Amino acid sequence: SKEHLHNVDRLRRRAEGTYGALAIERVTDVAAVHTGAFDRFVALEDAGWKGSAGAGTSLAADTRAQRFHREVMRSFGEDQRARIDFLTIGGRDAAAQLMVRSDDTWYLLKIGFHPDFKDVGPGGILLKAL
C-alpha cells in the first residue's frame, strides 16, 4: 500500500540518520554467488532470529538446506539468473536476499537481516529496492 511504502521510506531516512549511508550491492557473478557472497548471506541470516541460537531455521543451522540453496544458486547463476542483494548501512551488512529468476520474474528464496538494525526494518528497505 502507499502507506507501507511511505513507512519504508521513513525507516530508510531514519537508518541513514542513525547508522550512516545506505548502499545496495547486487551480486550476480556465478563465482561470487556460490562462494564468498553466499557465505556472507548465510552468516547474516544466521545472526538474526532464524539463527541457531533462535529458531534454528537459518541455512547455517540446516546443512541440507544450505547445500540445496547453494546448488540452486550455482545452477541458476551459470546464466546470470541468480542474485544475492545486500543492504549495507554505515558500511555494515544489514540485510540480504537470495533470489533466482525465471523468464522476467525474480523469486525470493530467503531473506535475512542483522538484529542490530531491526529498528529500521532493513529487510523492507532492501525488498523495496528490488
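Residues numbered from 1 in each chain as written. Predicted model: local features only at pLDDT ≥ 70, side-chain atom pairs only at ≥ 80, totals over all residues. Heavy atoms only, no water.

**Q** Any chance you could explain the nonpolar core here in plain terms?
**A** As a rule of thumb, soluble globular proteins bury nonpolar side chains together. Phe 38, Phe 41, Met 73, Ile 84, Phe 86 and Leu 98 are the most contacted members of the largest nonpolar core, which has 16 residues in total. When residues of this core are traced back to their parent elements, those giving at least two are helix H3 (36–47), helix H4 (63–77), strand E2 (82–89) and strand E3 (92–102). Take this core: its biggest share by element is five residues, from H3. Contact partners of Phe 38, with chain neighbours within four places excluded, come to Ala 32, Val 33, Leu 59, Gln 66, His 69, Arg 70, Met 73, Ile 84 and Leu 98. Ranked by size, the runner-up nonpolar core spans 11 residues in total, among them Val 8, Ala 15, Ala 94 and Val 120. (Core = buried A, V, L, I, M, F, W, Y, C linked by side-chain atoms within 4.5 Å. Buried < 20%, exposed > 50% of the residue type's maximum accessible area, 1.4 Å probe, protein only. Helix = DSSP H or I, 4+ residues; strand = E, 2+ residues; numbered from the N terminus. Contact = heavy atoms within 4.5 Å.)

**Q** Quick question: what am I supposed to make of the sheet that holds E3 here?
**A** Picture the strands of a sheet paired through backbone hydrogen bonds; they go either parallel or antiparallel. On the basis of which strands lie adjacent, the open sheet formed by four strands has the order E1-E2-E3-E4 and antiparallel pairing. The open sheet has two free edges, formed respectively by strand E1 (22–27) and strand E4 (105–113), since each of these has just one partner strand. Going across the sheet, the axis of each strand differs from the next one's by a mean of 20 degrees, ignoring polarity. The pairing of E3 with E4 spans eight bridges and is antiparallel. Residue Met 99 lies in a different strand from E4, and its bridge partner there is Leu 108. (Pairing = 2+ DSSP bridges. Axes fitted to C-alpha atoms, helices over the stretch in contact; angles between N-to-C directions.)

**Q** I'm lost on the pairing of E3 in this one. Help?
**A** Put simply, side chains in a regular strand alternate between the two faces of the sheet. Alignment of E2 against E3, held across eight bridges, turns out to be antiparallel. Directly across from Ala 82, in E3, lies its bridge partner Val 100. Where E2 folds back onto E3 in an antiparallel hairpin, the turn is made up of two residues, including Gly 90, whose phi is positive at roughly 60 degrees.

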